[in-house]
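One-letter residues, chain by chain:
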Amino acid sequence: MGKWSTMWLFTKKSVTGALIGLTISDRYGFIVPVTGSSMHPTFSACDARFPGYLKADVVLVEKFCLEKYKFSHGDVITFKSPTNHKQTFVKRLIALPGDWVQVPESSEILKIPEGHCWVEGDNAACSLDSRSFGFVPLGLIQGRVTHVIWPPQRISQVERKKAIERISPH
Amino acid sequence: MLSLALFTSYCFYRQHRTDSSIAGPAGSQLLAIMRQAYESLVPADSRLLPTPDIYFVRRFLSQSAVRLTGVNLRKFDMGTLNPLWFFMKKSMTVALFGITISDRYATVYSLTGTSMSPTFTTSSPGFPGYLKGDIVLVEKFCLEKYKFSRGDVIAFKSPSDHKREFVKRLIALPGDWMQIPDTSDILKIPEGHCWVEGDNKEFSLDSRHFGPIPLGLVQGRVTHIIWPPQRISKVERKVAMERVRST
């Protein structure tokens, strides 16, 4: 009888632990490896296929910002791609709704419509971002990247870099 | 009986000070005696603290029991704080369960606005208007594989105001060609987007105003009306065959 009750206790504890983990990762913060080279040198470039996957930087994504949608210019954010809803991208937020932004390498000035934002990758040469797919609705944003937590030699806070020369807030 | 228990505990304690346990029938018999003695010392009204001498005797008994047989007698001591803690643990677990289910599997929405009549009748904003509107069940299983069909009623975050959610009918999926109503334009729905329209054309802010919406904004699919009781029903799928041509 002792064996069954210990197993039942263990099951209850692990289900509760799993529930707490799920709720925290859905609503507050989670940890994800970053693949691709579009955010070099902020995140090291790596291959999406195995075994490049293992050398990826692992980052902490926080979701507290989603409650009030408090983003700042220059934050690195994660969002679902507007062209492929199954993929999540990580890019830097350049401009918020109402700003005027100069599209790089052209002389167009665009006004960011209400509810949208402009994102770009740090590695402008190989980055699929708003220059390709246009404005990103703020509803697609999944969280904000705050820290790199792996590998140990790259543990650091992710800095906010504003592109002041290219945008003019309203 | 108390003195007998004390005496036997003391003897065994002295003799087996370095042992960790006594196995076998002698141990369980001793344990039974000690447990009886221990429980006889628990005051009848458990709100009272034990008097100091009884407290120390109880402590000695439980410590010896632990040393001799590895059984913790204190586990059987029920105090008044336990039921409250128990209740709090249970309610927290239930709350966690509810939050996880409503985030990932299904939730209920109370609808406002007239853009989907007559499919849904809605309430006026402000209490007690909420109670007269339709309450619907929104399921999120469809988000795992993004299996939507044309004609489903879906809930999505508005592309122009990320804090608001709309409920409209899905008319066309990525890759479809569709005719924009009241014009003769034909539009191809881009990859990763979809076209939504409300059933009540005059009062609906939908894709005719803000264009195709990214599928990533979809939050769930409305399957049933669950309130008021006379309107409990499944929400039907209405496909607009004459306007949409799929590839």
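Residues numbered from 1 in each chain as written. Chains lettered and ligands numbered in written order. Predicted model: local features only at pLDDT ≥ 70, side-chain atom pairs only at ≥ 80, totals over all residues. Heavy atoms only, no water.

Chemist: Can you walk me through the UniProt feature "active site" (unreviewed entry) in chain B in this structure?
Modeler: All names here are of chain B. UniProt's entry tags S115 and K168 with the feature "active site" (unreviewed entry), counted in the numbering of this structure. A maximum C-alpha distance of 7.9 Å places the annotated residues, which cover 54 residues in sequence, within one compact spot. Structurally, S115 is set in the loop between strand 1 (106-110) and helix 5 (129-132). Residue S115 is classed as buried on the basis of its relative accessible area of 12%. Among the structural elements, K168 can be located in strand 4 (residues 165-172). (UniProt positions renumbered as here; feature names shortened; annotations may be inferred. Helix = DSSP H or I, 4+ residues; strand = E, 2+ residues; numbered from the N terminus. Buried < 20%, exposed > 50% of the residue type's maximum accessible area, 1.4 Å probe, protein only.)

Chemist: In this structure, what is going on with the UniProt feature "active site" (unreviewed entry) in chain A? I would like to understand it.
Modeler: All names here are of chain A. Under the present numbering, the feature "active site" (unreviewed entry) in UniProt falls on S38 and K91. As for its position among the elements, S38 is in the loop between strand 1 (29-34) and strand 2 (57-62). The residues touching S38, leaving out its near neighbours within four places in the chain, are V90, K91, G121, D122, N123, C126 and S127. Within the element layout of this structure, K91 appears in strand 4 (residues 88-95). Relative accessible area serves as the criterion here: at 5%, K91 is assigned to the buried category. Dropping the residues within four chain positions of it, K91 is found in contact with S38, M39, D75, V76, I77, F79, V119, E120, G121, S127, L128 and D129. Polar contacts involving the side chain of K91 include one to the side chain of S38, which spans 2.9 Å. (Contact = heavy atoms within 4.5 Å. Polar contact = N/O pair within 3.5 Å; in protein donor to acceptor, adjacent residues only side chain to side chain.)

Chemist: What is the right way to look at the pattern of salt bridges in this model?
Modeler: Pairing between side chains of opposite charge can happen when their charged atoms approach one another. A complete count under the given rule lists 15 salt bridges over all chains for this structure. Between R104(B) and D26(A) there is a salt bridge; the shortest N-O distance is 2.9 Å. Note that R104(B) is positioned in helix 4 (residues 81-104) and D26(A) in helix 1 (residues 2-27), a pairing that runs across two chains. The class for R104(B) is partly exposed, based on a relative accessible area of 28%. (Salt bridge = Lys/Arg side-chain N within 4 Å of Asp/Glu carboxyl O.)

Chemist: For this particular structure, what's the right way to read the layout of surface pockets?
Modeler: It is the rolling of a water-molecule-sized probe over the atoms that shows where space remains empty. Roughly 480 Å³ of internal volume is contained in the second largest pocket. Lining the second largest pocket are 17 residues; nearest its centre among them are K12(A), T16(A), K89(B), K90(B) and T93(B). Of all the elements in the fold, those that place two or more residues in the lining of the second largest pocket are helix 1 of chain A together with helix 4 of chain B. The element contributing the most residues to the lining of the second largest pocket is helix 4 of chain B, with nine residues. Broken down by class, the residue content of the lining of the second largest pocket amounts to ten nonpolar, three polar and four charged. (1 Å grid on protein atoms, 1.4 Å probe; cavity = no way out; pocket = protein on both sides within 12 Å on 5 of 7 lines; lining within 4 Å. Points joined across faces, edges and corners; volume = space filled by probe spheres on them. Nonpolar A, V, L, I, M, F, W, Y, C, P; charged D, E, K, R; others polar.)

Chemist: Hey, could you run me through the UniProt feature "domain: Peptidase S26" (unreviewed entry) in chain B in this one?
Modeler: Per the UniProt record, "domain: Peptidase S26" (unreviewed entry) is annotated on residues 88-181 and 185-227 of chain B. Taken as a whole, residues 185-227 of chain B contains 9% helix and 47% strand, while its terminal C-alpha atoms sit 40 Å from one another.

Chemist: Explain the interface of chain A and chain B here, please?
Modeler: One frequent convention defines the size of an interface as the accessible area lost when the parts assemble. At the interface, 21 residues of chain A touch 22 residues of chain B. Carbon and sulfur atoms make up 60% of the area that chain A and chain B hide from each other, which totals about 2000 Å². Area buried by chain A at its contact with chain B is led by L19(A), Y69(A) and H85(A), which between them contribute 26% of it. Joining chain A to chain B, the criterion identifies two salt bridges. Between the two partners, chain A and chain B, sit six residue pairs in polar contact (both at pLDDT 80 or more). Of the residues forming the side of chain A that touches chain B, the biggest block, seven residues, is contributed by helix 1 of chain A. Considered class by class, the residues forming the side of chain A that touches chain B number eight nonpolar, six polar and seven charged. (Buried area = accessible area lost by both parts, 1.4 Å probe.)

Chemist: Explain the pairing of strand 7 (residues 193-197) of chain B to me, please; I cannot follow it from the model alone.
Modeler: Taken residue by residue, a regular strand's side chains alternate between the two faces of the sheet. Residues and elements named next belong to chain B. Of all the five residues making up strand 7, five are buried; the element is thus mostly covered by neighbouring parts of the structure. Here strand 7 shows two buried faces, one formed by H193, W195 and E197 and the other by C194 and V196. Of the pairings in the sheet, the one linking strand 4 to strand 7 comprises three bridges and is antiparallel in character. Across the sheet, residue L170 finds its bridge partner in strand 7, namely V196. Of the pairings in the sheet, the one linking strand 7 to strand 8 (residues 213-214) comprises two bridges and is antiparallel in character. Each residue of the ladder has a partner; that of C194, found in strand 8, is I213. (Pairing = 2+ DSSP bridges.)

Chemist: I'm lost on the environment of W118(A) in this one. Help?
Modeler: All names here are of chain A. Looking at the element boundaries, W118 is found in strand 7 (residues 116-120). A relative accessible area of 2% places W118 in the buried class. With 32 residues separating them along the chain, W118 and W150 place their C-alpha atoms 28 Å apart. With near-sequence residues (within four places) excluded, W118 lies in contact with R92, L93, I94, A95, V101, V103, L110, I112, S130, R131, F135 and R166. Among the polar contacts listed, one links the side chain of W118 to the side chain of E120, at a separation of 2.9 Å.

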